Amino acid sequence: TPPGHRLRPSQLSLRPLARGMSDIVKQVEARTWSPSSWRALESLQMAEYEDKALEAQVLSKLSKLPGLVQAAECEALKADLAKAARGEAFIVQGGDCAERFIDCEPERLEAQLKVILQMGAIVSEATGAPSVRIARIAGQYGKPRSKPTEVVEGHGEIMSFKGDNINGYEPTERKWDPKRLLEGYWHSAATLNFLRSLVMSGDMGAVFGDLDLGFMSKSAEHAQSMTYAAGVRKLAKDPAPATAFYTSHEAMQLNLEEALTRKVGGKHYNLSAHLVWIGDRTRQLLGGHVEYFRGLSNPVGCKVGPSMSDAELADLVRVLNPGKEEGKLMLITRYGKDKVAAHLPGHIKAVQATGIPVVWQCDGVHGNTITAKSAGLKTRAFEDVMAEVLAALKAHRECGSVLAGVHLELTGQETVTECTGGCACVTEEMLKDNYETWCDPRLNYKQAIEAACTVARELGPLCVETSK
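Everything quoted here is computed from the prediction, not taken from an experiment.

A. Looking closely at the overall build of the protein. Secondary structure assignment for the protein yields 13 helices and 14 strands. Against the globule reference of 23 Å for 468 residues, the protein gives a C-alpha radius of gyration of 21 Å, in line with a compact fold. Across its three principal directions, the C-alpha atoms of the protein cover 60 × 55 × 45 Å. Counting every position in the protein, which comprises 468 residues, the buried fraction comes to 59%. When contacts within the protein are restricted to residue pairs at least 6 apart in sequence, those whose partners lie at least 24 apart make up 79%.

See the structure below:
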């Protein structure tokens, strides 16, 4: 194990026992919070740097740079998420598993925004309710990994790639380098500046006018999908209301997140993104990530997998949303299509018992990753991803709850072949045709659009109370 790597330490100090959960909450709440209070606790998945002086220099610089978003925008997202939690809107969140510095170029960025906006428009057309469009973009440069190292032919055992913020993908660039944190900031700033200026230009009509669902012609639901498309194309005349978007990323590297935290009007916001979330590998109640997140005024998310107990989830909700604020806390479930029925109803009931409002979202991808036998590459079947989303929707309805949105790893690139299935008809044998990802497989453009149509059809019209 590399020196200083904190990927898989003992869980004994981090995982509370089932009994005495309320004592855990009291223990956490008794602490005095600050943007740096997480440093006294164990934090998993973080890179640690050999050159401490350089690290300090980089973090000092980041702490003085402007935030990438505004606190008022974070509050606006919180209000939008509250609407979604009440069933008055629907969240479409998606983007790359891990952004790459090399993809920070106009055509790719425009394609990423286009697919999110089109997906949101499809859902809005079907439900009659607004969509909340959140991109995994302008900061999704770090990724947790299941193993700290890997064996690469010709190089032996080297550090695993943890995202461009931490190290390079090429075997010769795997050393953790704090200068990459600054590179991540500049790439995020360039990305967000381009996307904002694109929207502000007012020339977004083609995003909706060009929607073509001809690739779904063999689908049994093609006629209904074409009805959605016809409605979306009408937005070409007045696209402005459908082009607002928010940014998000997993906040894994806490020293980076701390450096981009600012005090605004007496509250602390992470101004690197509108929404940040805790991953399933870093959600320990007594760990550094939960400690950092509990003091933020941003809307925040947390991944919820099958290893989380009902009692642990109830305590997590109490810690992350003690003020019972609507739109504050998003719970992103990711079980695997065959595990939803076994875990989600219990999780829903545990949260309902706390009386704390949350925003439920389904991540249909992370629990359904497999290794293709023919290609030897990680992949996901479109049908499995959709099966989890639809199972989650069913469970929420049966429990008197609201599924407020979906969270998918996807790309706006049409020719990518990383996930199988769907009307795009990608087979395992085709995966090597254009397998771009450096981490997990993404739905390509056609699969993402088909996913939006599938979700839209199952949601149907939403009852929107305009008085709220």
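What follows picks up the thread again.
B. Quick peek at helix H12 (residues 382–398). Between its terminal C-alpha atoms H12 stretches 25 Å, which fits the 24 Å expected from 17 residues at 1.5 Å a residue. Each element contacted by the buried residues of H12 is listed here: strand E10 (329–333), helix H11 (340–354), strand E11 (359–363), strand E13 (378–380), strand E14 (403–409) and helix H13 (445–459). Following H12 by one or two positions, glycine 400 has its phi on the positive side, about 70 degrees.

C. Quick peek at H13. An ideal rise of 1.5 Å per residue puts 21 Å on 15 residues; H13 measures up with 21 Å between its terminal C-alpha atoms. Within H13, 12 of the 15 residues are buried, which leaves the element mostly enclosed by the surrounding structure. Along H13, the positions that sit buried rather than exposed are Tyr445, Gln447, Ala448, Ile449, Glu450, Ala451, Ala452, Cys453, Thr454, Val455, Ala456 and Leu459. Those residues of H13 that are buried lie in contact with strand E1 (90–95), helix H4 (106–127), helix H7 (222–233), H12 and E14. N-capping of H13 is provided by asparagine 444, with a side-chain oxygen placed 3.2 Å from the backbone N of lysine 446. Of the residues flanking the end of H13, it is glycine 460, one or two places downstream, whose phi is positive at about 65 degrees.

D. Highlighting the sheet that holds strand E9 (residues 300–304). Spatially, E1-E2-E5-E8-E9-E10-E11-E14 is the arrangement adopted by the 8 strands of the closed barrel, whose pairing is parallel. Averaged over all neighbouring strand pairs, the angle between strand axes comes to 25 degrees, with direction disregarded. Contacting E10, E11 and E14, H12 runs over the sheet at an angle of about 165 degrees to E14.

E. Focus on the environment of phenylalanine 293. You can see phenylalanine 293 is positioned in helix H9 (residues 288–293). Dropping the residues within four chain positions of it, phenylalanine 293 is found in contact with Ala251, Val276, Trp277, Ile278, Val300, Gly301 and Leu320.

F. Inspection of the packing of aromatic side chains at higher detail. Counted under the stated rule, the structure contains 6 aromatic pairs. Measuring from centroid to centroid gives 4.9 Å for phenylalanine 101 and tyrosine 141, while their planes differ by 65 degrees, and the two rings are edge-to-face. Pair noted here: phenylalanine 101 is in the loop between E1 and H4 and tyrosine 141 is in the loop between strand E2 (131–136) and strand E3 (149–152), with a separation of 40 residues, a long-range link. What makes tyrosine 141 buried here is its relative accessible area of 1%. Arranged with centres 5.8 Å apart and planes meeting at 85 degrees, the rings of tyrosine 292 and phenylalanine 293 form a pair that is edge-to-face. You can call tyrosine 292 buried: its relative accessible area is 0%. On the basis of relative accessible area, phenylalanine 293 is assigned to the buried category, the value being 0%. One aromatic cluster in this structure is built from Phe161, Tyr169 and Trp438. The ring centre of tryptophan 438 lies 4.8 Å from the NZ or CZ of arginine 100, which sits over that ring. When the ring centre of tyrosine 169 is taken as reference, the NZ or CZ atom of arginine 174 above it lies at 5.7 Å.

G. Empty space enclosed by the protein, seen in detail. Counted by the stated rule, this structure contains 4 cavities of 30 Å³ or more. Taken as a whole, the largest cavity holds about 160 Å³ of empty space. Every residue lining the largest cavity is counted, 19 residues in all, and those nearest its centre are Gly139, Asn165, His249, Leu256 and Glu257. Put simply, the parts of the chain that give the lining of the largest cavity at least two residues each are helix H5 (179–200), strand E5 (246–250) and helix H8 (254–259). The dominant element in the lining of the largest cavity, judged by the number of residues it contributes, is H5, at 4 residues. Here the lining of the largest cavity is built from residues that sort into 9 nonpolar, 8 polar and 2 charged. Here the second largest cavity defines a volume of roughly 110 Å³. Taken together, 14 residues form the lining of the second largest cavity, with Asp96, Asp103, Arg108, Leu109 and Gln112 sitting closest to its centre. Considering each element in turn, the lining of the second largest cavity owes the most residues, 3 residues, to H4. Among the residues forming the lining of the second largest cavity, the class breakdown is 4 nonpolar, 4 polar and 6 charged.

H. Spatial organisation of the state of the cysteines. Applying the stated rule across the entire model yields 0 disulfides. With no disulfide partner, cysteine 97 has as its closest neighbouring cysteine sulfur the one in cysteine 439, 4.5 Å distant.

Analysis parameters
Residues numbered from 1 in each chain as written. Predicted model: local features only at pLDDT ≥ 70, side-chain atom pairs only at ≥ 80, totals over all residues. Heavy atoms only, no water. Helix = DSSP H or I, 4+ residues; strand = E, 2+ residues; numbered from the N terminus. Rg over C-alpha atoms; globule rule 2.2 N^0.38 Å. Buried < 20%, exposed > 50% of the residue type's maximum accessible area, 1.4 Å probe, protein only. Contact = heavy atoms within 4.5 Å. Expected span 1.5 Å × (residues − 1). Polar contact = N/O pair within 3.5 Å; in protein donor to acceptor, adjacent residues only side chain to side chain. Pairing = 2+ DSSP bridges. Axes fitted to C-alpha atoms, helices over the stretch in contact; angles between N-to-C directions. Phe/Tyr/Trp six-rings, centres within 6.5 Å; stacked < 30°, edge-to-face > 60°. Lys NZ or Arg CZ within 6 Å of the ring centre and 35° of its normal. 1 Å grid on protein atoms, 1.4 Å probe; cavity = no way out; pocket = protein on both sides within 12 Å on 5 of 7 lines; lining within 4 Å. Points joined across faces, edges and corners; volume = space filled by probe spheres on them. Nonpolar A, V, L, I, M, F, W, Y, C, P; charged D, E, K, R; others polar. Disulfide = S-S within 2.5 Å.

In short, shape yes, function no, at least from these values alone.
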